Amino acid sequence: MNKTKIEWATMTWNPITGCLHDCTYCYARKIAERFGSVLKEDIEEHRNQQIHVVDRKKHCPYPFVFEPTFHRYRLDEPSKKTKGQNIFVCSMADLFGEWVPDEWIKEVFRVCEAAPQHNYLFLTKNPERYVNTELPIAKNFWYGSTLTDMNSEFVCKHDDSKGNYFLSIEPILEKVYIHSLNKIDWIIIGAETGNRKGKVIPEKSWIDNIVEQCKAVDVQVFMKDSLIPVMGEENMLREFPKELRK
């Protein structure tokens, strides 16, 4: 578990790494490809499987590069931190990707429930799985959906009464109108970073539009630093729900 430069969390925890989404703007894949490698003794497993389980610490943090990997030896990390943190769970993976076995998700949840001093923030591009998964409902569990454009989907409060749900609109790739905003507790907005060819630079009006929607229903908005060139420092909002103000 590591301190993070991600502005809306204090730490990241990656019991699972790797992802089978193919997002052209993915920062996590670039990190895994830079710091990951497959040793000779792992080649046979690497060839014959698409997902992997690692029970002991290996030579590098991404022993199968960006293929989904369950690092079971990391499961005790939240319990070692006694001071409460806002933990972004699986910043280097999609815990709710279709390829992730149910048992992996259940093991992660069990560890989180055993260390209730922390807030746990989950984020997925496959929010439909929230509906079919028995989610722990507690004040310190936050379930996020990633939106980038009007074709993105999100799921929130499928039981109509319980749970904390948020949206991460990052990177914002076009003007977005959010339906059912009254069911969302928090919105994070960020621009694409890096030097990708075809990188999208958002318009200020896109951000203003989201803020206007949020203020109409009293939803907190957090703008990442990547929006400073677009919004100007004086217009930046860095709001947290009261439960996450650590």
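Residues numbered from 1 in each chain as written. Predicted model: local features only at pLDDT ≥ 70, side-chain atom pairs only at ≥ 80, totals over all residues. Heavy atoms only, no water.

Could you clarify how one ought to interpret the overall build of the protein in this entry?
What the protein contains, in helices and strands, is seven helices and eleven strands. The buried share among the 246 residues of the protein stands at 54%. Put simply, of all contacts in the protein between residues at least 6 apart along the chain, 62% involve residues at least 24 apart. (Helix = DSSP H or I, 4+ residues; strand = E, 2+ residues; numbered from the N terminus. Buried < 20%, exposed > 50% of the residue type's maximum accessible area, 1.4 Å probe, protein only. Contact = heavy atoms within 4.5 Å.)

Please explain the pairing of strand β10 (residues 186-189) as it appears in this structure.
Moving residue by residue along a regular strand, the side chains alternate between the two faces of the sheet. Side chains Trp-186 and Ile-188 project from β10 onto one buried face, and the interleaved Ile-187 and Ile-189 project onto a second face that is buried too. Two elements, strand β9 (residues 164-169) and β10, share four bridges in a ladder whose sense is parallel. Note on β10: the bridge partner recorded for Leu-167 is Ile-187. Sheet topology places β10 next to strand β11 (residues 220-223); four bridges connect them, and they run parallel. Residue pairing in the sheet places Ile-187 in a bridge with Val-221 of β11. Where the polypeptide runs from β10 across helix α6 (residues 204-216) and back to β11, its parallel neighbour, the crossover connection is right-handed. (Pairing = 2+ DSSP bridges. Right-handed = clockwise from strand over helix to strand, strands pointing away.)

How should the sheet that holds β11 be read in this particular structure?
Taken in spatial order, the eight strands line up as β1-β2-β6-β7-β8-β9-β10-β11 in an open sheet, and their pairing is mixed. The open sheet terminates on both sides in strands that have one partner only, identified here as β1 (2-3) and β11. Sheet strands in contact with helix α4 (residues 102-114) are β2 (11-13), β6 (86-89), β7 (119-124) and β8 (141-147), and its direction is about 155° off that of β7. (Axes fitted to C-alpha atoms, helices over the stretch in contact; angles between N-to-C directions.)

Mind showing me how you'd approach the packing of aromatic side chains here?
The geometry of two aromatic rings is summed up by the distance between their centres and the angle between their planes. This structure, assessed with the given rule, holds 20 aromatic pairs. An angle of 65° between the planes, with centres 5.5 Å apart, marks the rings of Tyr-130 and Tyr-143 as edge-to-face. One end of the pair, Tyr-130, is in helix α5 (residues 128-131); the other, Tyr-143, is in strand β8, with 13 residues separating them in the sequence. The exposure classification of Tyr-130 matches that of Tyr-143, with both residues buried. Here the aromatic rings of Trp-186 and Phe-222 are separated by 6.5 Å at their centres, their planes lie at 75°, and the arrangement is edge-to-face. With Trp-186 in strand β10 and Phe-222 in strand β11, the pair connects residues that are 36 residues apart, well separated along the chain. Side by side, Trp-186 and Phe-222 carry an identical accessibility label, which is buried. (Phe/Tyr/Trp six-rings, centres within 6.5 Å; stacked < 30°, edge-to-face > 60°.)

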